[in-house]
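Structural overview
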Amino acid sequence: MSNQHKIWLLKLIIHLFSMGLISLTYFNALNDNLGADPVEAVLHFTGIGAINLLLLSLVISPLVRQWKLSWLMQVRRLLGLYAFFYALCHVLSFWAFEIQFNVSLFFEEIIERPYITVGLVSFMLLMALAITSWSKIKRKMGKSWQKLHNWVYLAITLAVIHFYWSVKSDLTEPLIYFIILVVLLSFRKNKFIRK
Amino acid sequence: MKPVKYSKYNESENQVTDEKIYRDRRQVLKSLGFVGASSILAPYAHGIDWFSSNKKTFETSPLKYQAASSIADTLTPEAKVISHNNFYEFGTAKNDPAENAQSFKVDPWTLEISGECEKPITLNYDDLFTTFDLQERIYRFRCVEAWSMVIPWIGFQLSELLKKVQPTSRAKYVAFETLFDPQQMPGQKSRRIGGGIDYPYVEGLRIDEAQNPLTLLSVGLYGKTLPPQNGAPIRLVVPWKYGFKSIKSIVKIKLVEKMPPTTWNILAPNEYGFYANVNPQVDHPRWSQASERRITTGGLLARNRVATLPFNGYGEQVAHLYKSMDLRKFY
């Protein structure tokens, strides 16, 4: 199989997987078939989904370096964009279904609850990265593009903190995410040291 | 025993009665199947479907009780009441208890009432259902996580039990304890499954709170004995306090002189107090308590956010208990 075919196939899998799961989740939630509290289920699914996709996008470049799979780079943007899409659904669902369009409560929660503030900062960073992900913009931005996109490390760290902070008592899961994050960041330690 | 005036204790908001949900068992079972199947989608839903054939569902049995005279509020469907539970002894996800508790043994059971009282007693499984006349109470149930349900409980007033054992003058508080049985409760065996809580789960009330007519020892819901995920065979229901006060699967009730330790207060004292009265003015450090999402029917689009009421709407019956107290300090 040529690399072009591999890229095409992997992208198809990413599309089917990401769109399929989220569509099914919302479909079931709308029909009250997602447990007793579909709002909580949707928020949890989209939040964890965004983190999973973002972590997956951060696996790409270490893989490329280690195994010389340069064609893999071609799917990284798609993973990042889906991570943003899940995060967007997460924020919109929070506003629409949890807060239920109560604007004052929405802002109150964002300002007064540090874990939500942290989550929103992470989301805004992801939004900046998503907007500048177009090839045209990337070319125009030149070297500053990479600089901007290094903020992804902060975005994912804040997202994991947001998860950790939102949990009531069982911290195992967020801690596992922290470990994965540290491992993924350790592959890039040169990047951080050089600064 | 004198018949109780239900109107005083039962739900009385001007909302539409959802009789259909209450009566139509087949519909409930059907939707339960859906819950089981769709929880595959829920993130981290493990081995789901206690509803399916390879795993036995816990068998509840019908109870004899005096029904609540009227249903004034929209009830939370039974399928949701028994599938959305915080019972960390069986896992921390909301659907874990329904999945992991189906083989829980409730008979034989021993509930020991002791401490500062003249006539300590021990109730066995059958005693739980026969010692006192059972009655139905429809209460709002407000979780500290800002969701709520409306549940038709069946049980008897804790005050009746207390009357029977005759508390001494030194009995200032009542301490409760959940069964400790790691063989049956995976959360007690593994800190990971049990959310890092030191078991057994303990709770407590001030004696006057325990004696309030609203405070119920529940042995059933929706006309039948409790399923294990809801705290079979006997649990506390204190409707004006956050749900975590309503301790499940109780084996010990002790009358004591000093304020007893309580599980969530030990775990996070800045977030969960001893009193834990529902109070829209005192936020949880991490979220607002001013409103709640009422879980009834309807999916994602249900407009179910309602204002949270002081003492969960039971202020008339209980506010006097806290007359001179600063409820911000004693949260």
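Calculation notes
Residues numbered from 1 in each chain as written. Chains lettered and ligands numbered in written order. Predicted model: local features only at pLDDT ≥ 70, side-chain atom pairs only at ≥ 80, totals over all residues. Heavy atoms only, no water. Helix = DSSP H or I, 4+ residues; strand = E, 2+ residues; numbered from the N terminus. Buried < 20%, exposed > 50% of the residue type's maximum accessible area, 1.4 Å probe, protein only. Contact = heavy atoms within 4.5 Å. Areas by Shrake-Rupley, 256 points an atom, 1.4 Å probe, with all protein chains shown as cover. Buried area = accessible area lost by both parts, 1.4 Å probe. Salt bridge = Lys/Arg side-chain N within 4 Å of Asp/Glu carboxyl O. Polar contact = N/O pair within 3.5 Å; in protein donor to acceptor, adjacent residues only side chain to side chain. Nonpolar A, V, L, I, M, F, W, Y, C, P; charged D, E, K, R; others polar. UniProt positions renumbered as here; feature names shortened; annotations may be inferred. 1 Å grid on protein atoms, 1.4 Å probe; cavity = no way out; pocket = protein on both sides within 12 Å on 5 of 7 lines; lining within 4 Å. Pairing = 2+ DSSP bridges. Axes fitted to C-alpha atoms, helices over the stretch in contact; angles between N-to-C directions. Phe/Tyr/Trp six-rings, centres within 6.5 Å; stacked < 30°, edge-to-face > 60°. Lys NZ or Arg CZ within 6 Å of the ring centre and 35° of its normal.

Let's shift gears to the overall build of chain B. Within chain B one finds eleven helices and twelve strands. Across the 331 residues that make up chain B, the buried fraction comes to 60%. Here the contacts in chain B between residues at least 6 apart in sequence split such that 74% fall between residues at least 24 apart. Counting every atom, chain B has about 14100 Å² of accessible surface; 53% of that belongs to carbon and sulfur.

Let's shift gears to the interface of chain B and chain A. Listed per partner, the contact involves 38 residues of chain B and 40 residues of chain A. In total, about 3300 Å² of surface goes out of reach between chain B and chain A, with carbon and sulfur atoms giving 55% of it. If you look at where chain B meets chain A, you find six salt bridges. Here D37(A) ties to R293(B) by a salt bridge, and the two come within 2.9 Å at their closest N and O atoms. The tally of links between chain B and chain A comes to 16 residue pairs in polar contact (both at pLDDT 80 or more). Top element by residues in the side of chain B that touches chain A is helix α3 (residues 25-38) of chain B. It accounts for three residues. For the side of chain B that touches chain A, the class distribution of residues is 16 nonpolar, 13 polar and nine charged.

A few words on the UniProt feature "binding site: Mo-molybdopterin" (unreviewed entry) in chain B. Residue and element names in this part refer to chain B. With numbering matched to this structure, UniProt assigns "binding site: Mo-molybdopterin" (unreviewed entry) to N85, Y88, E89, C143, T178, N230, R235, S246, I247 and K248. Within the annotated group just given, the residues that line the largest cavity are N85, Y88, E89, C143, T178, N230, R235, S246, I247 and K248. The topology assignment puts T178 in strand β5 (residues 173-178). Using a relative accessible area of 1% as the deciding quantity, one classes T178 as buried. Looking at the element boundaries, S246 is found in the loop between β9 (235-237) and β10 (250-256).

A few words on the sheet that holds strand β1 (residues 110-115) of chain B. Residue and element names in this part refer to chain B. Strand order across the open sheet formed by five strands is β2-β1-β10-β5-β6, with mixed pairing between neighbours. Of all the strands in the sheet, just β2 (121-124) and β6 (202-206) have a single pairing partner and so form its edges. Averaged over all adjacent pairs, the angle separating strand axes in this sheet is 15°, with direction ignored. In terms of strand pairing, β5 meets β10 through six bridges, oriented antiparallel. Bridging across to β10, A175 finds its partner in K254.

This part covers the environment of W147(B). All names here are of chain B. Among the secondary structure elements, W147 is positioned in strand β4 (residues 147-157). Considered as a pair, W147 and L301 are 154 residues apart in the sequence and their alpha carbons are 16 Å apart. Once you skip the residues sitting within four places of it in the chain, W147 turns out to touch H84, N86, K94, F141, R142, R293 and I295. A polar side-chain atom of W147 sits 2.9 Å from a polar atom in the side chain of E145.

The subject of this paragraph is the UniProt feature "domain: Oxidoreductase molybdopterin-binding" (unreviewed entry) in chain B. Per the UniProt record, "domain: Oxidoreductase molybdopterin-binding" (unreviewed entry) is annotated on residues 104-264 of chain B. Each end of residues 104-264 of chain B is marked by a C-alpha atom, and these two atoms are 24 Å apart; helix forms 16% of the span and strand 36%.

To continue, consider the UniProt feature "transmembrane region" (unreviewed entry) in chain A. Taking the numbering used here, the UniProt-annotated feature "transmembrane region" (unreviewed entry) corresponds to residues 7-29, 41-64, 76-95, 115-136, 148-165 and 171-187 of chain A. Between the C-alpha atoms that bound residues 171-187 of chain A the distance is 25 Å, and the span itself is 88% helix and 0% strand.

A separate point is the packing of aromatic side chains. By the definition in use, this model includes 25 aromatic pairs over all chains. Geometrically, the ring pair formed by Y139(B) and Y314(B) is edge-to-face, given 5.9 Å between the ring centres and 75° between the ring planes. Linking Y139(B) in strand β3 (residues 135-142) with Y314(B) in the loop between β12 (305-307) and α11 (315-318), this pair joins segments that are 175 residues apart in sequence. Note on Y314(B): relative accessible area 2%, which makes it buried. An aromatic cluster is defined as three or more aromatic residues linked by ring pairs; in this entry it consists of Y173(B), F274(B), Y275(B), F311(B), Y322(B) and F330(B). Over the ring of W145(A) we find K138(A); its NZ or CZ atom is 4.3 Å from the centre of that ring.

We now examine the environment of I48(A). Relative to the helices and strands, I48(A) is located in helix α2 (residues 38-67). Of the residues examined, I48(A) reaches a relative accessible area of 5% and is grouped as buried.

A few words now on the pattern of salt bridges. Applying the stated criterion across every chain, the model contains 20 salt bridges over all chains. Note that R113(A) and E109(A) form a salt bridge whose closest N and O atoms lie 3.0 Å from each other. We note that R113(A), like E109(A), is buried. R206(B) serves as the salt-bridge partner of D208(B), at 2.9 Å between the closest nitrogen and oxygen. Here D208(B) falls in the partly exposed class, since its relative accessible area comes to 27%. Note on R206(B): relative accessible area 12%, which makes it buried.

The subject of this paragraph is the pairing of β1(B). All names here are of chain B. Both β1 and β2 contribute to a ladder of four bridges, which runs antiparallel. Each bridged residue has a counterpart across the sheet, and for I113 the counterpart in β2 is I121. The antiparallel pairing of β1 with β2 creates a hairpin that spans five residues between the two strands. Across four bridges, β1 lies against β10 in parallel orientation. Bridge pairing in β10 places I113 opposite I253.

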